[in-house]
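Examination of the molecular architecture
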Amino acid sequence: MQQTCNGRRNGLSVWIGTLVLLTASCGLRAVAQGPKPSGPASGDQTNSTPMTKEQAKELFKSVDEILGFVSEDTKLPIVHPVKRKLISRSEVNKYLEKKFAEDEGARKLEHAEIVLKKFGLLDRDFHLRPFLVALLTEQIAGFYDNKTKTISLLDWIQPEEQKPVLAHELTHALQDQRVDLTKWSDVEEKGIAKTMEEDNRHLQTDEAETARSAVAEGQAMVTYIDYTLRPAGKSLVDAPELAARLKDSVANSSGSPVLSRAPLLLQRSLLFPYGDGLSFEQAVLVKGGKEAAFAGTLTNPPSSSFEIMTPEVYLAHTPVPVLRLPDIHPLLEAEYLPYDLGVMGELDVQILTELFGGQAIAEALSPAWNGGVYFAAQRKSAVTAAERESTASLALLYVSHWRNRDSAKTFMRVYSAKLARKYAHLVRRSADEADDSEQVYSTEEGDVLISISGSSVFVGEGFELSLARKLRDKIAAVQSDGPLQVVGVGQAPQVGRPAGHELSLGMVQGLSSFGLMKAAIPATIYSTGH
């Protein structure tokens, strides 16, 4: 995982993104690891003793050899040597605590916490920061810092176990030498949007960082696998069927006690850039070769989780659905301040529907996603810190588009059925519903309106009913079924380029800033016969 400690504003997938970039973008990188294998990576790393001076010397010497392998495997040139240092477990723990105290990504995650709770992606009584510190302390496997251009080696993990991790991390070093990962990863609009123009500029670029995180981690997973298979003379190109099995292994959290207790959002946030990034890179590798999969995706990266999860869309340059916001600020400014906005992408929908309806519904429904956007506003009357940290201070609107009306109806049913999970005092007010397209509820945090029109679903939570209807109608009036002309990141305007950030993927970005996670290390690679 690459370091990008610059400030950013994050939304749903960008909150997954910030979570992943909290494990990759600020200097530490983590590999996600499934059940402990019986092969080379076995052994209790937690209880292992520090390596000897001879072992440390061997490990330091191996950096240049592995860097040469990575350069040959990726076709990314070595511009200059990579600095290296050996650090202890206590130094890693101090680093994590300092990063959470100072890092912009960590602060953004804390800002996002009440939005995630308002959506129901985190329980109201969940405390994000202490859990993340514990999770990252468990998960860190190695890291490369793009600021200092240094790879840190862990003195309590034996050299042979660290060498595949080195291949992963040195991939980031070569990416950094080619594109400057700090600048390449930092493409989002900064600050809180306060006008319609700022709203839509955010929606044009915010998910790009998440997609780039998946590219960076996906490439590094390819080299990790190729290095591990090297003794058998194999690579992922020779055995493309491995990709699906390895992705499933990455998704297995049973070997990680803290991760196995994590909310679904955090599990998917941590593992998304590794598993889905690997699948994306493998698809590009098979179709276009190494130049396309490595230098090509660094030069022309995808801009959405939809492209990462559906690589054929990226390969075919297919337009990605984009929603836009009208000027809703005049309707809100008397009572509310803008708090957050972003895309609700396919990954967000998959997590939300799995959490609310189960895995089978999520797998069936999420491919029918056809665009989504959310906007959160905070009541001006929330003046104390306790009031501002409460979900009761937020009002939320969410518009989702679907490929057909049946899918929209299913999503509406799944979402409304789980309102009782979020609100202790939920009462349906059928008498206030305009027709059978609406559902109206009272809660301890204000009115809730859920309505369907064609293949679109509108959700308003916390806004007074008449205001929610005004917001719904105004947003519906500016949407189009055709591809919209938007500005791609660092490119001239073009039709159909994906836009926006996803709330969950801010987690991805945040987590990935801390380094390679053990949970990303595919244990099944050791049981494949290679």
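These notes cover the structure that comes with them. Since we're looking at a predicted model, the values are computed, not measured.

Bringing the pattern of salt bridges into the picture now. All chains considered together, the criterion is met by 18 salt bridges. We note a salt bridge from E445 to K118, for which the minimum N-O separation is 2.7 Å. With E445 in the loop between strand 9 (438-443) and strand 10 (446-453) and K118 in helix 4 (residues 104-119), the pair connects residues that are 327 residues apart, well separated along the chain. Across the pair, exposure class does not vary: E445 and K118 are buried alike. One salt bridge connects E438 with R472, and the closest N-O pair in it is separated by 2.9 Å. One end of the pair, E438, is in strand 9; the other, R472, is in helix 21 (residues 465-477), with 34 residues separating them in the sequence. Overall, R472 belongs to the buried group, its relative accessible area being 18%. Here the salt bridges do not stand alone but share partners, grouping E438, R469, R472 and D473 into one network.

This brings us to the packing of aromatic side chains. Scanning all chains against the criterion turns up 12 aromatic pairs. Pairing F119 with Y374 gives two aromatic rings, centres 5.6 Å apart and planes at 85 degrees, and the pair type is edge-to-face. Highlighted residues: F119 in helix 4 and Y374 in strand 6 (residues 369-379), separated in sequence by 255 residues. Across the pair, exposure class does not vary: F119 and Y374 are buried alike. Each member of the aromatic cluster is reached from another via a ring pair, and the members are F119, F356, Y374, Y398, W402, F411 and Y415. Taking NZ or CZ as reference, R124 lies 5.4 Å from the ring centre of Y423, over its face. Across the ring face of W184, the terminal group of R212 is positioned such that the distance to the ring centre comes to 5.4 Å.

As for its position among the elements, W156 is in the loop between strand 4 (150-154) and helix 6 (159-179). Accessibility expressed as a relative area gives 6% for W156, which makes it buried. As for W156 and L86, which are separated by 70 residues in sequence, their C-alpha atoms are 9.7 Å apart.

Here we come to the packing of helix 6 against helix 9 (residues 208-229). In the contact formed by helix 6 and helix 9, the axes pass within 8 Å of each other and the chain directions differ by 140 degrees. For the element pair helix 6 / helix 9, the angle class is oblique. Seen along the crossing, helix 6 lies across helix 9 with a hand that is right-handed. Within the contact between the two elements, helix 6 uses K163, P164, V165, A167, H168, T171, H172 and Q175 and helix 9 uses V215, A216, E217, Q219, A220, M221, T223, Y224, Y227 and T228.

Okay, the packing of helix 3 (residues 89-102) against helix 5 (residues 128-139) next. Relative orientation of the contacting elements helix 3 and helix 5 amounts to 150 degrees, with a least axis distance of 10 Å. Between helix 3 and helix 5, the interaxial angle falls into the category roughly antiparallel. Considering how the two elements wind past one another, helix 3 and helix 5 form a crossing that is right-handed. Of helix 5, the residues touching helix 3 (which contributes N93, L96, E97, F100 and A101) are R129, L132, V133, L136 and T137. Taken together, the residues of the contact of helix 3 with helix 5 break down into six nonpolar, two polar and two charged.

Conventions adopted
- Residues numbered from 1 in each chain as written.
- Predicted model: local features only at pLDDT ≥ 70, side-chain atom pairs only at ≥ 80, totals over all residues.
- Heavy atoms only, no water.
- Salt bridge = Lys/Arg side-chain N within 4 Å of Asp/Glu carboxyl O.
- Helix = DSSP H or I, 4+ residues; strand = E, 2+ residues; numbered from the N terminus.
- Buried < 20%, exposed > 50% of the residue type's maximum accessible area, 1.4 Å probe, protein only.
- Phe/Tyr/Trp six-rings, centres within 6.5 Å; stacked < 30°, edge-to-face > 60°.
- Lys NZ or Arg CZ within 6 Å of the ring centre and 35° of its normal.
- Axes fitted to C-alpha atoms, helices over the stretch in contact; angles between N-to-C directions.
- Parallel < 35°, antiparallel > 145°, perpendicular 65-115°, else oblique.
- Left-handed = near helix turned anticlockwise from the far one by under 90°.
- Contact = heavy atoms within 4.5 Å.
- Nonpolar A, V, L, I, M, F, W, Y, C, P; charged D, E, K, R; others polar.

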